[in-house]
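Letter by letter, the chains look like this.
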Amino acid sequence: VPTESPVPTETPVPTETPVPTETPVPTESPAPSGTPYPYAKVVGDVWVVPEFQTVKNGDTFNVNIHVHCGTENLVAYGIGITYDENKLTAIDVAAGPDGFLTAINTNTPGRIFAVGFTIGGTVTGPDIDLLVITFTAINLHYSSIDIQVDTLVNEYSETIGPETPREGIGGG
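Thresholds, definitions, all that
Residues numbered from 1 in each chain as written. Predicted model: local features only at pLDDT ≥ 70, side-chain atom pairs only at ≥ 80, totals over all residues. Heavy atoms only, no water. Helix = DSSP H or I, 4+ residues; strand = E, 2+ residues; numbered from the N terminus. Buried < 20%, exposed > 50% of the residue type's maximum accessible area, 1.4 Å probe, protein only. Contact = heavy atoms within 4.5 Å. Areas by Shrake-Rupley, 256 points an atom, 1.4 Å probe, with all protein chains shown as cover. Pairing = 2+ DSSP bridges. Phe/Tyr/Trp six-rings, centres within 6.5 Å; stacked < 30°, edge-to-face > 60°. Core = buried A, V, L, I, M, F, W, Y, C linked by side-chain atoms within 4.5 Å.

**Considerations on the overall build of the chain**
Here is step 1: Helices and strands together make up the secondary structure of the chain, namely zero helices and eleven strands.
Here is step 2: Counting only residues that meet the buried cut, the chain has 35% of its 172 residues in that class.
Here is step 3: Pairs at least 24 residues apart make up 73% of the contacts formed inside the chain by residues separated by at least 6 positions.
Here is step 4: Summed over its atoms, the accessible surface of the chain is roughly 10600 Å², and 55% of this surface lies on carbon and sulfur atoms.

This is the structure:
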């Protein structure tokens, strides 16, 4: 009895099994008024902008102090800034475009203490450009600027962010 001969078929080639990959978790989206530094995502953070910059001896340059208040209304602050007085000279401290400044103390080289309060006005958001500090570089190789947050409060005198005093995020 004649039988049908088998038809040859293609041998399947094994393929790599796909390895599941981790899906990135979305992070906080940038603020409409500006993008906070990547690490400045916690309400109450205070940081220096720019984080790093290159200057030469004799150069005059600005650093800005930024604050993340989220939806809280910033109505008062006390912030200390320290720097190496052998490498930098503070020339001026002024309110930033979003900020306010009531008084400063620059009597001690290497230390600035700035305080501000506002009555009736409020400042809110994740990237408040609070202060502008103008320095001149002297005898500079590398220097850092450090921040101490003594007071950061809303209109109810409640602390914005973690308890104070606390360190801010400095720059170099």
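**As for the sheet that holds strand β4 (residues 76-83)**
Here is step 1: The strand order β6-β7-β4-β10-β11 describes an open sheet built from five strands, whose pairing is antiparallel. Either end of the sheet is taken by a strand with one partner, and the two such strands are β6 (103-105) and β11 (166-167).

**Re the packing of aromatic side chains**
Here is step 1: Scanning all chains against the criterion turns up three aromatic pairs.
Here is step 2: Consider the rings of Tyr77 and Phe100, whose centres lie 5.5 Å apart with planes at 55 degrees: the pair is tilted. In this pair, Tyr77 is assigned in strand β4 and Phe100 in the loop between β5 (88-95) and β6, connecting sequence segments 23 residues apart. Each of the two residues, Tyr77 as well as Phe100, counts as buried.
Here is step 3: Three or more aromatic residues joined by ring pairs form one cluster here, namely Phe61, Tyr83 and Phe135.

**What to know about the nonpolar core**
Here is step 1: If you look at the biggest cluster of nonpolar residues, it comprises 29 residues, and the most contacted ones within it are Ile65, Tyr77 and Phe135.
Here is step 2: Counting only elements with at least two residues in this core, the list comes to β1 (46-49), β2 (60-67), β4, β5, β7 (111-117), β9 (128-137) and β10 (145-153).
Here is step 3: By residue number, the principal contributor to this core is β9, which donates six residues.

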